[in-house]
Amino acid sequence: MAEVLVYVDHVDGAVRKPTLELLTLARRVGEPVAVALGAGAADTVGALAEHGATRVLMADAPEFAEYLVVPKVDALQAAYEAVQPAAVLVPSSAEGKEIAARLAVRIKSGIITDAVDLEAGEEGLVATQSAFAASFTTKSRITQGTPVITVKPNSAAVEAAPAAGAVEALVVSFSDAASGTRVTARTPRESTGRPELTEAAIVVAGGRGVNGDFAAVEALADSLGAAVGASRAAVDAGWYPHSNQVGQTGKSVSPQLYIASGISGAIQHRAGMQTSKTIVAINKDAEAPIFDLVDYGVVGDLFEVVPQLTEEVNTRKG
Amino acid sequence: MSLNIVVCVKYVPDATGDRGFADDLTVDREDTDGLLSELDEYAVEQALQIAEDADDAEVTVLTVGPEDARGALSKALSMGADKGVHVEDDDLHGSDVMGTSLVLAKAVEQVGYDLVMCGMASTDGEMGVLPALLSERLGVAQVTLLSEVSVEDGTVKGRRDGDAASEQVEASLPAVVSVTDQSGEARYPSFKGIMAAKKKPVESWDLDDLDIEPKEVGLTGAWTAVESAAERPPRTAGTVVKDEGAGGKELAEFLTGLKFI
Ligand SMILES: Cc1cc2nc3c(=O)[nH]c(=O)nc-3n(C[C@H](O)[C@H](O)[C@H](O)COP(=O)(O)OP(=O)(O)OC[C@H]3O[C@@H](n4cnc5c(N)ncnc54)[C@H](O)[C@@H]3O)c2cc1C
Ligand SMILES: Nc1ncnc2c1ncn2[C@@H]1O[C@H](COP(=O)(O)O)[C@@H](O)[C@H]1O
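Nothing here was measured: the structure is a model prediction, and the numbers come from that model. (Residues numbered from 1 in each chain as written. Chains lettered and ligands numbered in written order. Predicted model: local features only at pLDDT ≥ 70, side-chain atom pairs only at ≥ 80, totals over all residues. Heavy atoms only, no water.)

Student: Would you explain the site of ligand 1 in this entry?
Tutor: Around ligand 1 lies a shell of 27 residues, among which Arg208, Ser231, Ser264, Gln268 and Asn283 of chain A are the nearest. Per-site note: the chains with residues close to ligand 1 are chains A and B. At 3.1 Å, a backbone N or O of Gly262 of chain A approaches an oxygen atom of ligand 1. Between ligand 1 and Leu302 of chain A, the relevant distance is 2.8 Å, taken from a nitrogen atom to a main-chain nitrogen or oxygen of the residue. When ligand 1 is considered free in solution it has 980 Å² of accessible area, and contact with the protein chains removes 82% of it. One can see that ligand 1 is located within the second largest pocket. When residues of the shell around ligand 1 are traced back to their parent elements, those giving at least two are helix 7 (232–236), helix 8 (267–270) and helix 9 (302–317) of chain A together with helix 1 (38–53) of chain B. Here the shell around ligand 1 is composed, by residue class, of 7 nonpolar, 14 polar and 6 charged. (Near = heavy atom within 4 Å. Polar contact = N/O pair within 3.5 Å; in protein donor to acceptor, adjacent residues only side chain to side chain. Areas by Shrake-Rupley, 256 points an atom, 1.4 Å probe, with all protein chains shown as cover. 1 Å grid on protein atoms, 1.4 Å probe; cavity = no way out; pocket = protein on both sides within 12 Å on 5 of 7 lines; lining within 4 Å. Sits in = over half its atoms within 2 Å of the grid points. Helix = DSSP H or I, 4+ residues; strand = E, 2+ residues; numbered from the N terminus. Nonpolar A, V, L, I, M, F, W, Y, C, P; charged D, E, K, R; others polar.)

Student: Before we go on, may I ask you to explain the sheet that holds strand 14 (residues 227–230) of chain A in this structure?
Tutor: Backbone hydrogen bonds are what pair the strands of a sheet, in a parallel or an antiparallel way. Strand order in this open sheet of 6 strands is 14(A)-13(A)-15(A)-16(A)-17(A)-13(B), and the pairing throughout is parallel. Of all strands in the sheet, those bounded by a partner on one side alone are strand 14 of chain A together with strand 13 (239–242) of chain B. Going across the sheet, the axis of each strand differs from the next one's by a mean of 15 degrees, ignoring polarity. Pairing of strand 17 (residues 296–299) of chain A with strand 13 of chain B, which is carried by 4 bridges, proceeds in the parallel orientation. Following the sheet pairing, Gly297 of chain A is matched in strand 13 of chain B by Val240 of chain B. Along the sheet, helix 9 of chain A contacts strand 15 (257–261), strand 16 (278–283) and strand 17 of chain A; its crossing angle with strand 16 of chain A, the most-contacted strand, is approximately 135 degrees. (Pairing = 2+ DSSP bridges. Axes fitted to C-alpha atoms, helices over the stretch in contact; angles between N-to-C directions. Contact = heavy atoms within 4.5 Å.)

Student: Could you clarify how one ought to interpret the layout of surface pockets in this entry?
Tutor: Rolled over the atoms, a probe as big as a water molecule pinpoints where empty space is left. Of the volumes computed, that of the second largest pocket is approximately 710 Å³. For the second largest pocket, the lining is made up of 30 residues, of which Arg208, Ser231, Ala233, Ser264 and Ala266 of chain A are closest to its centre. Breaking the lining of the second largest pocket down by element, the ones donating at least two residues are helix 7, helix 8, strand 16 and helix 9 of chain A together with helix 1 of chain B. Its residues assigned to classes, the lining of the second largest pocket shows 9 nonpolar, 15 polar and 6 charged. (Points joined across faces, edges and corners; volume = space filled by probe spheres on them.)

Note that every value here comes from positions in space, so none of it alone points to a role or purpose.
Right, here's the structure in full:
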C-alpha cells in the first residue's frame, strides 16, 4: 500500500490535535509515515503509533530551533526522498504552510493549502477548500508531482488505530539556505489553561461591545470549558491578545458551538468562524449582520445576557 | 548605503463586494470591483518607513495581474513608492501560486533588490505562502510574518508571533520579508501624494521581457486544478429573540437542548 508522509506538529513532544486528525485522513489514502523533528521528537512516538503511524522518521538537531523554517524543509525533503510517498500532508499552521510550499517547489509538485477534507478521486487526491470567507466550497486536485496538501484543524475526527510506529532515524544534511534566518530569542506563549482556540469544541468570543472588559466572556467560556476568541476591533483596542483573534488575519475556527458577543459580524470576522456547527450571537443591535448567520440570537445587552447565561450554565451543571 | 526595496502588491476583488468564480473556475476579476489588497498596504507602509530611515533608498512596487491591477500600483505610488512595474500578459490568466511566484521571482531579479517586501497573505487566495516561495526561488533568506520590522547595517530584524512562541529573527540582506496587519497602520495617500503619483514611472512587462515560456504559467501551466466551486448554501435562518429579562436563561435552554450544557 502506498505511503503518505504526515508532518508532525508538536510542542516539546506533545503532539497537537491537528496532526492526529491528519493521521485519520492519511489512512484513507495509504499508510501514514510520520515525520517528527526537533526537541522532544522522541516523545511523540506513542501518540503517533496509537493513531495509525506505521513508521516514525525522527531527527533532532540544534538547527531546527536556531533557524527559521528552512531546516525543517530540508528534513521533510530528506523524508520525501527516502519514502517516495503518494502524498505529503502538513497541518495548516502559518509555519506548516511555509514548509509545505518550499518543499513543493523543490520537488516540483503542486500545492493545496487549507484543505478541510480529502478523498481519493479517480485522478488522485481531491481536496475540499473554503473560499471567499467560506461563502464557496471548492474541490481541487494537484496535477503535477506528488500532492502536497496542508489541512486545517478540525477537518477530521481523531481516531485511535494502533499501528507499529517503528522509529527510524532520519539523516538530514542541511542546505546552505538552512542557516539564512537566525532565531535570536524565543518567548513561549503563556498557557491560559483554556483549550487551544483552533482545537476547541466551543469558542466564546467578544468584540468591541465588551467595551474593554473580557471578564464576562471569560467566565462564560470557563463555565462551558470553552476557548476565548476576540474580534479584531477588540484586539486592536488592546483588550485581548492577537493570538486569540478570530477571522481572516487571525485564527480560523470551526467548533461545534461559537458564541459571539458584542461582535457585529464583518466579512473578515465571518471568514474565520462561518463554518462553525452552531452559531449563537448576543448583540444589542437587531440589525447586526452576525444575526444572518445564527442558529440562535439574542438582541440585548451582553452585560445582562452573558452573566445570566453563565449563572444558568453553572446551576445546570450543578 | 543604497537600498533597493521591491514591494509585491496584489490587486484583489473587494471582500465587501459579491465575490465569485468565473466560468473557467478562476477568480472572477471582472464583475467585482478591485483594490490594492489591504494586507499589502502594510507591506508598502513598512517599506516606506525603512526607506525613510535609510540614506538612499528606492521603493519599487510590483504587481502581476490583468490591466486593472495597475490600480494597485497607483495606490501604492500615491502612498509614496517611487516607481512601479506591472507584469501583464494574457497567458498569465489562471496562474496558480507556483506560476505567480515564478513570475514575481524573475521580475524581482530584473528590477534588482536588496529587500523584497510582501503582505502576510492576499485577501482573495489567502494562501500566505508566496513569500516563502519567493525566498526559495530567489535563494535568499525568508524573514516572514513579522509584526515588527527594521533594517540596519545590511541586516533585517523583526518579531514573528507564532502559534507556540514569539520569536526574534534576523537575516542578512538580501532577503524576502512579509509583514502582518499587526505591523502598524498604513498611511493614507495625501492629495499631494495622489498628484505626484500620476507622474511616477510605471513600466509594463510581459512574459517575453522576463524570458518565461507561456506554457510555464497560466491555467495550462498550473500544477493544481479546481474541479468545482459551489456557493455554500446560506445558513438557514435561526431564531432571534429580544431579551426581555430572561434572555440568558432562554439561551441556556436552547444550549441544553443541543446538549452543550
Ligand atoms: C484586511 C482586513 C482584515 C481583517 N481581519 C479581521 C479578523 O481577522 N478578525 C476580525 O474580527 N476582524 C477583522 N477585520 C476587521 C473587520 O472588518 C471589523 O472591523 C471587525 O471585525 C469589527 O469588530 P467588532 O464586531 O468587534 O466591532 P464592531 O463592528 O464595532 O461591532 C461591535 C458590535 O457590538 C455591539 N454591542 C455594543 N455594545 C454592546 C452591548 N453592551 N451588548 C451587546 N452588543 C453590544 C454593537 O451593536 C456592534 O454590533 C479585518 C479588516 C480588514 C480590512
Ligand atoms: N499577483 C501578485 N502580484 C504581486 N504580489 C503578489 C501577487 N500575489 C501575491 N502577492 C504577494 O504575496 C503575498 C502573499 O500572497 P498569497 O500567498 O497569495 O496569499 C501578498 O500579500 C503579496 O505581497
